[in-house]
Amino acid sequence: MVINFNCPQCGADLKYNIKKKLLHCEHCDYTEEVREKQDGIRESADEDGRFHCPSCGAVHDAKEYDMSGICAYCGAPLIISERMEGSYRPVKLIPFEYDKSQADEAFLKWCDKGKLTPKEFKKKSILNHLKPIYAPYWISDSVVNTKMRARAERVRSYIVGDEEVIETEHYSVYRDMDIEYENVDYDGALSLDDEEMHKLDPYSFEALKDFVAPYLAGFEARQYDMGAEEIAPLIQKRVRGYAEEHVRSSIVGYSSVMVMDSATDFLSMNMDFVLLPLWFFEYNYKGKTYNFMMNGQTGKVVGEPPVSNGKAFAWFIGIFVIVFVIALLIGGLLL
Amino acid sequence: MIFGSFRKLLTGLYILMITVFSAAAVTAASEQRVYDDAGLFSDSESRELEERIQELKAEQGIDFVVVTTDNTYGSSTRDYADDFYDNGGFGTGSDNAGVLYLIDMDNRQIYLSTCGQEPIRYLNDDTIQWIVGGEALRHVSEGDYYRSALSAIEDTAYYYEENKNSYENGGGSISPSPKGADNGFDLSATELGISGGIGVAAAGGAVGVMKANRGGKVTVTGHDYMKKGAVRINDQRDMFINRTIVRHRIRRDDDGGGHGGGFSSTHHSSGGVTHGGGGHGF
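Residues numbered from 1 in each chain as written. Chains lettered and ligands numbered in written order. Predicted model: local features only at pLDDT ≥ 70, side-chain atom pairs only at ≥ 80, totals over all residues. Heavy atoms only, no water.

## Considering the sheet that holds strand β3 (residues 22-25) of chain A
Residues and elements named next belong to chain A. What the three strands build is an open sheet, ordered β2-β3-β4; its pairing is antiparallel. With one partner strand each, in any of the chains shown, β2 (14-17) and β4 (31-32) form the two edges of the open sheet. Note: β3 against β4, two bridges, orientation antiparallel. Along β4, the bridge assignment pairs Leu 23 with Glu 32. (Pairing = 2+ DSSP bridges. Helix = DSSP H or I, 4+ residues; strand = E, 2+ residues; numbered from the N terminus.)

Printed below as a string of structure tokens:
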């Protein structure tokens, strides 16, 4: 069943307004707080087993992982309530901070980076492909214990008479530390590349709100397809790396340190399914897929702009020539 | 009587002609500079060498002699070379200045002998070693005797000129460098290749980094996710094990004679003439 919310004043569709941070009616400017709604809910009639728009009745071809979207015919919000139940219900979400006009601006700037933007990207219509999406994430709090053993050296050298003396002190170093990590986030969508998504970090998790459906009015939200059990080891790998790096950095005062072995155990770990805001653009042009992603909270941009191999080539030649000439000159002087 | 005076005149003329021709012959004979006693050169090669030697004499005033032998009759290569030079009456000026290159097939040595103030000065020990150890040696080892002699002539001409300039312009000192050292802009294929390789690596690396960073970078570290103040040290031990000490004497750079040579060692030949020289086995 698909639902959306109607304005009590004029009956139009209510959407979440990013700047106002309220449910808002674009027709009569009515606003209300975002909270679990009990009334004003429109439901679709889905006798034929397919999803229909509650506002205009048109069929909605929802992809498997869609929790919410927008009606292709009338533009009304579509929230598929049965897709956010039980373990599929997000616990929290971070609302958008950057709205469409800001996203458009960042996108156009990104397009131009390459200076050799294909004409396609100069069309106004290209902006229709830039959409606000709530992406599925797992966030985790954990307490870890790391034990590390290392060999360290302190070297001193000085000159006495006509001798050089090198004194080396050898140490055995041991550390046992507990560290707490919180809100370590990892994206739960198979189709979104993990490393690319990681470039969007950090999010500011103070802005986390308890999840309620009205936040999704007017936005696409995606369900996770990688569950807690699959993501947990990936998060552990990152956290393990962080912990061991921290413990290693606590070994100071030596000329050299060699880690002999280290082990990290997870004393506790929990995971929550959350939705994080993302301005997302994906476009296929001449056989190549262009991806632009902007952190919907912080505005950080990720993605390779439509750039020229021509420019890359020019840079290559330029640097090559300069380095080549310098190498020749240095070689001539040395030899 | 008329016939008597005419005869005298004719005899006189005849004697004059013979003297002139003999003198010419003698002079011509004393102009020979290639003595191929071991038969290592073809006729045309000998002629080429003679020509080159005459050119050298005209251009730089160096009197150069090329000798080959397959029997030194018990003499050392050095003595053979020196004696040949002295007995041949070669050289210019009051000190018989000149250079002799000997290919000794008996002792299997090539040798360069110098005589006279300027040759001895400008062809010092290091220089002579570069000559006899360079192309001349390479060719003689390959059995190319003609080219060996030619190299000896060319290299001698080269170094003589270099060192002479160095001496005259450098205020009396000679700091020779081996032929073939890069003088800034000699571009060998290796140099080009290496520079090219470095260029490609640098450019490739730079463009690679540019491409990689174009799409954004990961900017978070563990620190960003660590709960503030939530680090507890359960155990921390830095245990001293032992101390090792290494001592070594600092080398002082004052032994070894000055390098970059300028030194010409000399000796006396059996005839009491001062010669410089050096050789190399092959």
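## With respect to the confidence of the model for chain B
All names here are of chain B. Per-residue confidence for chain B gives a mean pLDDT of 82, with 79% of residues at or over 70. Across residues 24-29, confidence stays below pLDDT 50; counting only partners more than four residues off in sequence or on other chains, it has two contacts. Segment residues 254-261: pLDDT under 50, and eight contacts once partners within four positions in sequence are set aside and those in other chains are kept. (pLDDT = per-residue confidence, 0-100. Contact = heavy atoms within 4.5 Å.)

## Notes on the sheet that holds strand β2 (residues 64-69) of chain B
Residue and element names in this part refer to chain B. Across the sheet, which stays open at both edges, the six strands sit in the order β1-β2-β3-β4-β7-β6 with mixed pairing between neighbours. Unpaired on one side and paired on the other, β1 (34-36) and β6 (266-268) mark the two borders of the sheet. Averaged over neighbouring strand pairs, the angle between their axes works out to 25 degrees when direction is ignored. As paired elements, strand β3 (residues 98-104) and strand β4 (residues 109-115) share seven bridges and run antiparallel to each other. Each residue of the ladder has a partner; that of Ile 103, found in β4, is Ile 110. Of the strands in this sheet, β4 and β7 (274-281) touch helix α5 (residues 125-133), which is tilted by about 40 degrees from β7. In the packing of helix α7 (residues 145-169) onto the sheet, contacts are made with β2, β3 and β4, and the angle to β3 comes to roughly 155 degrees. (Axes fitted to C-alpha atoms, helices over the stretch in contact; angles between N-to-C directions.)

## As for the packing of helix α2 (residues 43-60) of chain B against α7 of chain B
Residues and elements named next belong to chain B. It is at 10 Å that the axes of α2 and α7 come closest, and there the two elements cross at 5 degrees. Classed by the angle they form, the pair α2 and α7 counts as roughly parallel. Contact with α2, carried on its side by Glu 45, Glu 48, Leu 49, Arg 52, Ile 53, Leu 56 and Gln 60, involves Tyr 146, Ala 149, Leu 150, Ile 153, Glu 154, Ala 157, Tyr 160 and Glu 161 of α7 and no other residues of that element. Partitioned by chemical class, the residues of the contact of α2 with α7 number nine nonpolar, one polar and five charged. (Parallel < 35°, antiparallel > 145°, perpendicular 65-115°, else oblique. Nonpolar A, V, L, I, M, F, W, Y, C, P; charged D, E, K, R; others polar.)

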